[in-house]
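Next come the chains, spelled out residue by residue.
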Amino acid sequence: MNIHAHVTTRSQDCDGEYRSGYTYFLTSEEQASEFADIEFKERVISSVVSVYATQGTLEITPNRVDWHQITDEGYQSSVAEWCEDETCEGAKAWHRDLSAEAANY
């Protein structure tokens, strides 16, 4: 089983706008479980959705999870897309500070 999740995040606060992406893979414990896919998706969802949010929007479909919340200084948004492509090895993690880029840092 090669299920994994491609996660992208976006946020904005008083310091600017940020974007990042990374890939979640099954842990060895999940791989050994009869319910590996369910346990894996539960772990990803719990890491994408903020339990500290006072208000947010969560949308779950068979292919992805979308989370969006308004914060005191802006917003935070995350998308996790399930991937079962046997040839996909996941993407290299990345992070962008768009405000710093605009200022040529």
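Rules of the game
Residues numbered from 1 in each chain as written. Predicted model: local features only at pLDDT ≥ 70, side-chain atom pairs only at ≥ 80, totals over all residues. Heavy atoms only, no water. Helix = DSSP H or I, 4+ residues; strand = E, 2+ residues; numbered from the N terminus. Polar contact = N/O pair within 3.5 Å; in protein donor to acceptor, adjacent residues only side chain to side chain. Contact = heavy atoms within 4.5 Å. Buried < 20%, exposed > 50% of the residue type's maximum accessible area, 1.4 Å probe, protein only. Pairing = 2+ DSSP bridges. Axes fitted to C-alpha atoms, helices over the stretch in contact; angles between N-to-C directions. Salt bridge = Lys/Arg side-chain N within 4 Å of Asp/Glu carboxyl O. Disulfide = S-S within 2.5 Å.

Draft legend 1. Broad picture of the side chain of Ser77. Following the sequence through the fold, Ser77 ends up in strand E5 (residues 74-83). A polar contact of 3.5 Å, which involves the side chain of Ser77, links it to the backbone oxygen of Trp67. Among residues more than four places away in sequence, those in contact with Ser77 are Thr8, Thr9, Arg10, Trp67 and His68.

Draft legend 2. Here's a closer look at unusual backbone geometry. With a phi angle near 60 degrees, Asn104 is a residue other than glycine that sits in the positive phi range. Looking at where Asn104 falls in the secondary structure, it is placed in the segment after helix H3 (98-102). For Asn104, a relative accessible area of 72% gives the class exposed.

Draft legend 3. Summary view of the pairing of strand E3 (residues 56-60). Here 5 bridges tie E3 to strand E4 (residues 64-71), and the two strands are oriented antiparallel to one another. Across the sheet, Gly56 pairs through a bridge with Gln69, a residue of E4. Taking the residues between adjacent antiparallel strands as the criterion, E3 and E4 are bridged by 3 residues.

Draft legend 4. Representation of the sheet that holds E4. Strand order in this open sheet of 6 strands is E3-E4-E5-E1-E2-E6, and the pairing throughout is antiparallel. With partners counted over all chains shown, the strands left at the sheet margins are E3 and strand E6 (94-97), one partner each. Sheet twist, expressed as the mean angle between neighbouring strand axes with direction ignored, is 10 degrees. Where E4 and E5 come together, 8 bridges link them in antiparallel fashion. Among the inter-strand pairings, Trp67 is bridged to a residue of E5, identified as Ser78. Relative to the sheet, helix H2 (residues 36-48) contacts strand E1 (4-13), strand E2 (16-25), E3, E4 and E5, its axis offset from that of E5 by approximately 165 degrees.

Draft legend 5. View of the pattern of salt bridges. Throughout the structure, instances matching the rule amount to 6 salt bridges. Among the ionic pairs, Glu101 bridges to Arg96, the shortest N-O distance being 2.7 Å. Overall, Arg96 belongs to the partly exposed group, its relative accessible area being 35%. In the salt-bridge network here, residues are joined through shared partners; they are Arg10, Glu17 and Arg19.

Draft legend 6. Region of the structure containing the state of the cysteines. Applying the stated criterion to the full structure yields 0 disulfides. A disulfide-free cysteine, Cys83 has its sulfur positioned 4.0 Å from the sulfur of Cys88, the nearest such atom.

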